[in-house]
Amino acid sequence: MALEITDANFEETVLKSDKPVLVDFWAAWCGPCRMVGPIIDEVSTEYTDKAVVGKLDVDANQEFAAKYGVRNIPTVLVFQNGEVVGRQVGVAPKNAYTDALDALL
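Residues numbered from 1 in each chain as written. Predicted model: local features only at pLDDT ≥ 70, side-chain atom pairs only at ≥ 80, totals over all residues. Heavy atoms only, no water.

1. Focus on the UniProt feature "active site" (unreviewed entry) in the protein chain
Now for step 1: UniProt annotation of "active site" (unreviewed entry) refers to Cys30 and Cys33 when read in the numbering used here.
Now for step 2: Relative to the helices and strands, Cys30 is located in the loop between strand E2 (21-26) and helix H2 (31-46).
Now for step 3: Given the relative accessible area of 4%, Cys30 is considered buried.
Now for step 4: The contacts of Cys30, once residues within four sequence positions are left out, are Ile73 and Pro74.
Now for step 5: In this structure, Cys33 is in contact with Trp26, Ala27, Ile73 and Pro74, ignoring residues within four places of it in sequence. (UniProt positions renumbered as here; feature names shortened; annotations may be inferred. Helix = DSSP H or I, 4+ residues; strand = E, 2+ residues; numbered from the N terminus. Buried < 20%, exposed > 50% of the residue type's maximum accessible area, 1.4 Å probe, protein only. Contact = heavy atoms within 4.5 Å.)

2. So, the UniProt feature "site: Deprotonates C-terminal active site Cys" (unreviewed entry) in the protein chain
Now for step 1: Residues given the UniProt feature "site: Deprotonates C-terminal active site Cys" (unreviewed entry) here are Asp24.
Now for step 2: Mapped onto the elements, Asp24 comes out in strand E2.
Now for step 3: Its relative accessible area of 1% is what places Asp24 among the buried residues.

3. Quick look at the pairing of strand E5 (residues 83-89)
Now for step 1: One ladder, built from six bridges, connects strand E4 (residues 75-80) with E5; its direction is antiparallel. Following the sheet pairing, Val76 is matched in E5 by Gln88.
Now for step 2: Linking two consecutive strands that pair antiparallel, namely E4 and E5, is a turn of two residues; a positive phi of about 55 degrees is found at Asn81 within it. (Pairing = 2+ DSSP bridges.)

4. What about the pattern of salt bridges?
Now for step 1: For the coordinates displayed, the defined rule picks out four salt bridges.
Now for step 2: Glu12 is the partner of Lys16 in a salt bridge, and the nearest nitrogen-oxygen pair spans 3.9 Å. A single burial state applies to Lys16 and to Glu12, both of which are exposed.
Now for step 3: Close ionic contact of Glu42 with Lys94 constitutes a salt bridge, the shortest N to O distance being 3.0 Å. Taken as a pair, Glu42 in helix H2 and Lys94 in helix H4 (residues 94-102) lie far apart in primary sequence, 52 residues in all.
Now for step 4: We classify Glu42 as partly exposed; its relative accessible area is 42%. (Salt bridge = Lys/Arg side-chain N within 4 Å of Asp/Glu carboxyl O.)

5. Some points on the state of the cysteines
Now for step 1: As enumerated under the stated definition, the model contains one disulfide in all.
Now for step 2: Residue pairing for Cys30: its cysteine sulfur links by disulfide to Cys33, the two sulfurs lying 2.4 Å apart. In this structure the cystine formed by Cys30 and Cys33 twists about its S-S bond by roughly 80 degrees; its chirality is therefore right-handed. (Disulfide = S-S within 2.5 Å.)

6. Some points on the packing of H2 against H4
Pairs of packed helices are described in terms of their axes, by the angle between the two and the distance that separates them.
Now for step 1: Packing of H2 against H4 brings their axes to within 10 Å, and their N-to-C directions diverge by 35 degrees. The two elements H2 and H4 cross, and the hand of that crossing is right-handed. Contacts between H2 and H4 involve Val36, Ile39, Ile40, Glu42, Val43 and Glu46 from the former and Lys94, Tyr97, Thr98 and Leu101 from the latter.
Now for step 2: Across the contact of H2 with H4, the residue classes break down as six nonpolar, one polar and three charged. (Axes fitted to C-alpha atoms, helices over the stretch in contact; angles between N-to-C directions. Left-handed = near helix turned anticlockwise from the far one by under 90°. Nonpolar A, V, L, I, M, F, W, Y, C, P; charged D, E, K, R; others polar.)

Below is the structure:
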């Protein structure tokens, strides 16, 4: 399962990570988000020791969604050294996420 990322742990978990980080910005009411969710969980399992993979519920945690300009969900952001290095808006195949992480490993 992907890590639960919140406004409270975002800085420590995402921005200060020494590994690449993939964050799925989602909401429970969002149909496309429910399609991406299982893919993100699979990626999380496959990249356990290589990257941080997590989900941020935009309804409960609006600070960082706003900071990074997340206007449509699902939006998946990839971070390296605290900087956004990749963005995928909408539903994408699993390899879109794994390729983004592989490029940083």
